[in-house]
Amino acid sequence: MSSPKLIVVCGATGQQGGSVVDFLLKEPTGTFSIRAVTRNPSSETAKALEAKGVSLVKADLSSLDEVTAAFQGAWGVFGLTQFYEHGYDAEQLHGKNIVEAAKATGVKHLVWSTVEGREGECKAISWTSKAEIEDLVIASGIPYTFVYIPMYYENFWTSFFAPSYDEEKGFNWTVGCLPDVPIFAFSVADFGGWVVPAFREPEKYTGAKIKIVVEYLTLRDIASQFTDVTGEKASLALELTPEQFEASRHAPHPAAELMYLSWEFVGRAGPDSGYRNKEKTLSINPTAKTYREWVKDSPLVKDLVAKLKPGKA
């Protein structure tokens, strides 16, 4: 009987990596073993992974030596980098180190989290940075699968774009995107459902670009579907006109152009654009939740509603 394939998961204590771990754990016993890379093995999240049978390895992605040691014996690696946490230079270093370590240790398959940052697609630096790392992956010669993430439902309920609350208007969102633009979206908790198949059937997914979209949601949908599910009042506190959206590119904020370019691409990448396809997405992971299903079941939504609404049980 063959030994389980060792999969090393970068970012295992975060949302994407945590989902990959969860889906790997659902596979039949003996298929995979899991090693989680973390900067802090003593964190509560890391300890929770260990309690599920996941082995932990301490490594900082800024250290090629540490990453190489973490990848020893791995058959597969899930790789991701985090622009918003570390910035461009560090993201490039982390990507380079993951790829070089995977090459040095003989990794057989690399699944990489990315976004559309090629010329003609999104020109925000946080997106084009990902494209530069894709080039490193391709040049390495390691068999790979690219998985393109959409907007998380969760982002509209956390510090990114969380609603505020007042008694008259209920829950309301202030987001710098046009209110009627379809946004490709999903729950990041479902992310592993597109990563694990590439490890399970590498011959099918080698060289593939899996571009995820479970829902196309406008900002108005974010509010109205929340109301439909919960009965809570909700609306948009900000509804930009096209002229206001164009002007937002030059707002006196260091991230103004980055956010404008990100939303501008989202506007070009709607359901009729051909960039992403719901049917293809769901053919790989048919259990992925719609936004309504996610709102109904999400502890994140329940906790924030309870926190923001006075007297809410």
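Everything that follows concerns the structure shown earlier in this document.
Everything quoted here is computed from the prediction, not taken from an experiment.

A. Up close: the packing of aromatic side chains. Within the structure shown, the criterion is met by 23 aromatic pairs. Ring centres of Phe161 and Trp263 lie 5.7 Å apart, and the angle between their planes is 50°; on these two criteria the pair is classed as tilted. Note that Phe161 is positioned in the loop between strand S7 (151-152) and strand S8 (164-166) and Trp263 in helix H11 (residues 256-268), a separation of 102 residues in sequence. Given a relative accessible area of 11%, Phe161 falls into the buried group.

B. Quick peek at the nonpolar core. Residues Phe71, Trp157, Trp173 and Phe191 are the most contacted members of the largest nonpolar core, which totals 100 residues. For this core, the leading source of residues is H11, giving six residues. Setting aside residues no more than four positions away along its own chain, Phe191 makes contact with Gln16, Ser19, Val20, Phe78, Ser113, Val147, Ile149, Phe186 and Ile212.

C. Fine view of the sheet that holds S7. Taken together, the three strands give an open sheet; going across it, the order is S7-S10-S12, and neighbouring strands pair in mixed fashion. Single-partner strands in this sheet number two, and they are S7 and strand S12 (215-217).

D. Structural context of the environment of Gln92. Tracing the sequence through the fold places Gln92 in helix H5 (residues 88-104). Spatially, the C-alpha atom of Gln92 lies 7.2 Å from that of Ser129, the residues being 37 residues apart in sequence. Those residues in contact with Gln92 that lie beyond four places of it in its chain are Ser129, Glu132 and Ile133.

E. The packing of helix H1 (residues 15-25) against helix H7 (residues 192-200), seen in detail. Packing of H1 against H7 brings their axes to within 8 Å, and their N-to-C directions diverge by 55°. Overall, the two elements H1 and H7 adopt an arrangement that is oblique. In the packing of H1 onto H7, the handedness of the crossing is right-handed. Where H1 approaches H7, its residues Ser19, Val20, Phe23 and Leu24 are matched on the opposing element by Gly192, Gly193, Val195, Val196 and Phe199.

Cut-offs applied
- Along each chain, the written sequence defines residue order, and numbers are assigned to residues from 1.
- With the structure being a predicted model, the display of local features is reserved for residues of pLDDT at least 70 and the display and counting of side-chain atom pairs for 80 or more, all residues being used for whole-chain, interface and lining totals.
- Note that water and hydrogens are dropped before the side-chain values are worked out from all heavy atoms of the structure.
- What counts as a ring pair is set by centres within 6.5 Å for rings of Phe, Tyr and Trp (its six-membered ring), and what kind of pair is set by the plane angle: stacked under 30 degrees, edge-to-face over 60, tilted for all other angles.
- Strands are runs of DSSP state E lasting at least 2 residues, helices are runs of H or I lasting at least 4, and numbering of each runs from the N terminus.
- Exposed residues in this analysis have more than 50% of their type's maximum accessible area, buried residues have under 20%, and partly exposed residues fall in between, with area computed by a 1.4 Å probe over protein chains only.
- Here, nonpolar core means buried Ala, Val, Leu, Ile, Met, Phe, Trp, Tyr and Cys residues that are tied together by side-chain atoms lying within 4.5 Å of each other.
- Contacts are assigned to residue pairs with any non-hydrogen atoms lying within 4.5 Å of each other.
- Any two strands between which DSSP finds at least two bridges are classified as paired.
- Lines are fitted to the C-alpha atoms to define the axes, a helix being fitted only along its stretch in contact, and any angle between axes, read from their N-to-C directions, falls within 0 to 180 degrees.
- Angular relationships are summarised with four words: roughly parallel below 35 degrees, roughly antiparallel beyond 145, roughly perpendicular across 65 to 115, and oblique for the angles in between.
- Crossings are classed by handedness, with left-handed meaning an anticlockwise turn of the near helix from the far one by less than a right angle and right-handed meaning a clockwise turn.

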